[in-house]
Amino acid sequence: MELRQLAYFVAVADEGGFGRAAERLHIVQPAVSQQVSRLERELGARLFDRSTRHVRLTEAGERLLPEAREVLAAAERARRAVTAHLEGATLRLGVSRAPGTRLYPMLDRLDPGLRVRLSKQGLAERLAAVRSGDLDAALVRLVDSAPGLEFFPAWTEPLVVALPAGHPLATAGTLGLAQLGDLPVRLAPRERNPSFHDLVTGALARAGVDPPRGPAFTGLHDTLIDLAAGPPSWTLFYPVFDELPPIRGVAYAGLDEPEVLTHLAVPSGPPTAKVRQLLAALP
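Note that the coordinates shown come from a computational prediction; the quantities given were computed from them, not determined experimentally.

A.B. asks: Explain the layout of surface pockets here, please?
C.D. replies: Regions of empty space are outlined by a rolling probe, equal in size to a water molecule, passed over the atoms. Estimated volume of the largest pocket: approximately 940 Å³. Taken together, 35 residues form the lining of the largest pocket, with Ser96, Ala98, Arg141, Asn193 and Tyr238 sitting closest to its centre. At the level of secondary structure, the elements contributing two or more residues to the lining of the largest pocket comprise α6 (123-132), β5 (137-141), α7 (194-206) and β8 (235-237). For the lining of the largest pocket, the leading source of residues is α7, giving 4 residues.

A.B. asks: Help me understand the packing of helix α1 (residues 3-15) against helix α3 (residues 29-43) in this model?
C.D. replies: Each pair of packed helices gets described by two things: the angle between the helix axes and the distance between those axes. In the contact formed by α1 and α3, the axes pass within 9 Å of each other and the chain directions differ by 110°. With respect to each other, α1 and α3 are oriented roughly perpendicular. Every pair of crossing elements has a handedness; the one defined by α1 and α3 is left-handed. Every residue of α3 that contacts α1 at Arg4, Gln5, Leu6, Tyr8, Phe9 and Val12 is listed here: Ala31, Val32, Gln35, Val36, Arg38, Leu39 and Glu42. Its residues placed into classes, the contact of α1 with α3 shows 8 nonpolar, 2 polar and 3 charged.

A.B. asks: I'm lost on the environment of Asn193 in this one. Help?
C.D. replies: Mapped onto the secondary structure, Asn193 falls in the loop between β7 (174-175) and α7. Residues Asn193 and Leu123 lie 70 residues apart in sequence; the distance between their C-alpha atoms is 9.3 Å. Among the polar contacts listed, one links the side chain of Asn193 to the backbone nitrogen of Phe196, at a separation of 3.2 Å.

A.B. asks: I tried to follow the side chain of Ser233 on my own but got confused; where do I start?
C.D. replies: Mapping Ser233 onto the fold places it in the loop between α8 (220-229) and β8. Side-chain polar atoms of Ser233 contact the side chain of Arg186, separated by 2.6 Å. If we skip the residues at most four places from it in the chain, Ser233 touches Ala162, Leu163, Pro164, Leu183, Pro184, Arg186 and Leu227.

A.B. asks: Honestly, the pairing of strand β9 (residues 250-267) in this entry has me stumped. Any pointers?
C.D. replies: Both faces of the sheet carry side chains from a regular strand, because those side chains alternate between them. In the sheet, β5 pairs with β9 via 4 bridges, with the strands oriented antiparallel. Bridge pairing in β9 links Leu139 to Leu264. For strand β6 (residues 149-164) and β9, the ladder comprises 14 bridges, and the chain directions are antiparallel. Pairing of Leu163 across the sheet is with Ala251, part of β9.

Reading the values: the criteria
- Residues numbered from 1 in each chain as written.
- Predicted model: local features only at pLDDT ≥ 70, side-chain atom pairs only at ≥ 80, totals over all residues.
- Heavy atoms only, no water.
- 1 Å grid on protein atoms, 1.4 Å probe; cavity = no way out; pocket = protein on both sides within 12 Å on 5 of 7 lines; lining within 4 Å.
- Points joined across faces, edges and corners; volume = space filled by probe spheres on them.
- Helix = DSSP H or I, 4+ residues; strand = E, 2+ residues; numbered from the N terminus.
- Axes fitted to C-alpha atoms, helices over the stretch in contact; angles between N-to-C directions.
- Parallel < 35°, antiparallel > 145°, perpendicular 65-115°, else oblique.
- Left-handed = near helix turned anticlockwise from the far one by under 90°.
- Contact = heavy atoms within 4.5 Å.
- Nonpolar A, V, L, I, M, F, W, Y, C, P; charged D, E, K, R; others polar.
- Polar contact = N/O pair within 3.5 Å; in protein donor to acceptor, adjacent residues only side chain to side chain.
- Pairing = 2+ DSSP bridges.

Structure, rendered in structure tokens:
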């Protein structure tokens, strides 16, 4: 018997139907029905009479309902006993200016009593702020060590390739760098982002290709507009959007290698309660 099963059972009893319970729980109805049915099998008794327009508790369901409420209340008291010290606390988390789509699902897994304040900074500034205590933690790409800090793997992401929509490779879906060796590549100067520049050029060298250099990557939007209008070329970037920018004349493809590993950087030593919450929320 799981807490989730009891919570779904109570929601159906309160709402008088599986559909309304699903809306209250913000999940799909089949998930509610499946868990309630599993609970009935485990208990060996029907909990709802489903023969009427509105589901009704059976005698067994009536007996279970107050007990289920008490179990759920006890579980909530236990949770609060452990996390009460987080009520009103604020987690200061450093992120890049384009943190990507994996950040917010992770934050959703934190305790509701813990507030989060995001600080968008450059890589060096983020690491320095964690080291000085101005930030509790920071998410960083392409870095896995720094003095005074500990690093924990968070998630891995493939890079996204942008190229002209009319190019033969535009419909490939997933590309390898070797396929792009003859097409000019648009990269930002190394001094703007040394880690990313070295990642890409190192991967090109491993693939055995040295594509000609096209115009420099400036900002993403301007580069994509220029790519659509100019001579054939390609660029690549982190997957930072839920939906890729719909720019006429530009197609997107996944890149099979290299992938980018994001780490969570925290101060060395025993983690604080806030950092423990964040570590537990990592995918």
